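What follows is each chain in one-letter form.
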Amino acid sequence: MVATPMRWFKDGGLSALYGRLSGQQADPERQTHRMEDIRMAMLDMLGDRGIQQFPQVARRIRSAGDALGLWYARADLMAALAGLHGEKVARTRMVSLSVMFEGMLPKGMMSRPTTLRA
């Protein structure tokens, strides 16, 4: 049997590859539901005004194919939220969002605690 090159892209993207390499075996249906919960939380944080003002951010969130894609979209979301509400509010919202990613990403991808908080 000949393996299809890059087949792992079809089977869940980079998150699936990282999961396989790190030994994580999660229920795919549960992971999908959690990912959609994160996606909805991100769009809710952006709100209608944010979606209108930052359509590229909303598009990136909607089109993210896996949890890793949503994780990387956080930077754009943070910038949009800071533009809408100020940096302090944006940082507070991002902390609550980051908690939702626990168990969804490869080890080492989660934010680490820092003493640089203001």
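Small disclaimer: the values here were computed from a predicted structure and weren't measured.

S.K.: Even after reading the chapter, I still don't get the nonpolar core, so can you show me in this structure?
M.R.: Side chains of a nonpolar character, in soluble globular proteins, are inclined to be buried together. Ranked by size, the top nonpolar core spans 27 residues in total, and within it Met-42, Ile-61, Leu-70, Leu-77 and Leu-97 carry the most contacts. Going through the elements one at a time, helix 3 (28-53), helix 4 (55-63), helix 5 (67-85) and helix 6 (87-100) are the ones with two or more residues in this core. It is helix 5 that provides the largest number of residues to this core, a total of 9 residues. Aside from chain neighbours lying at most four places away, what touches Leu-77 is Met-42, Met-45, Leu-46, Val-57, Ile-61, Met-94 and Leu-97.

S.K.: Please explain the packing of aromatic side chains as it appears in this structure.
M.R.: Geometrically, a pair of aromatic rings is defined through the distance of the ring centres and the angle of the planes. Evaluation of the coordinates by the stated rule reveals 1 aromatic pair. Relative to Phe-101, the ring of Trp-71 lies with its centre 5.1 Å away and its plane at 80°, an arrangement referred to as edge-to-face. Of the two residues, Trp-71 sits in helix 5 while Phe-101 sits in the segment after helix 6, which places them 30 residues apart along the sequence.

S.K.: Just checking my understanding: could you explain the packing of helix 4 against helix 5 for this structure?
M.R.: Packed helices, taken two at a time, are described by the angle between their axes plus the distance between the axes. It is the contact of helix 4 with helix 5, at a shortest axis distance of 9 Å, that shows an interaxial angle of 160°. Considering the angle they form, helix 4 stands roughly antiparallel to helix 5. Pair helix 4 / helix 5 crosses with left-handed handedness. Of the residues in helix 5, those in contact with Val-57, Arg-60 and Ile-61 of helix 4 are Leu-70, Tyr-72, Ala-73, Asp-76, Leu-77 and Ala-80. Of the residues that constitute the contact of helix 4 with helix 5, the class distribution is 7 nonpolar, no polar and 2 charged.

S.K.: Please explain helix 6 as it appears in this structure.
M.R.: What sets the pattern is the α-helix's 3.6 residues per turn: residues three or four places apart point alike. Between the first and last C-alpha of helix 6 there are 20 Å, a value that for 14 residues agrees with the 20 Å anticipated at 1.5 Å per step. Those residues of helix 6 lying buried are Ala-90, Met-94, Leu-97 and Ser-98. Down the axis, helix 6 shows its buried residues gathered within 100° of arc, on one side only. Summarising the geometry of helix 6, the exposed residues directed more than 90 degrees from the buried face are Lys-88 and Thr-92. At its buried positions, helix 6 is contacted by helix 3 and helix 5.

Calculation criteria
Residues numbered from 1 in each chain as written. Predicted model: local features only at pLDDT ≥ 70, side-chain atom pairs only at ≥ 80, totals over all residues. Heavy atoms only, no water. Core = buried A, V, L, I, M, F, W, Y, C linked by side-chain atoms within 4.5 Å. Buried < 20%, exposed > 50% of the residue type's maximum accessible area, 1.4 Å probe, protein only. Helix = DSSP H or I, 4+ residues; strand = E, 2+ residues; numbered from the N terminus. Contact = heavy atoms within 4.5 Å. Phe/Tyr/Trp six-rings, centres within 6.5 Å; stacked < 30°, edge-to-face > 60°. Axes fitted to C-alpha atoms, helices over the stretch in contact; angles between N-to-C directions. Parallel < 35°, antiparallel > 145°, perpendicular 65-115°, else oblique. Left-handed = near helix turned anticlockwise from the far one by under 90°. Nonpolar A, V, L, I, M, F, W, Y, C, P; charged D, E, K, R; others polar. Expected span 1.5 Å × (residues − 1). Arc of directions from axis to C-beta.

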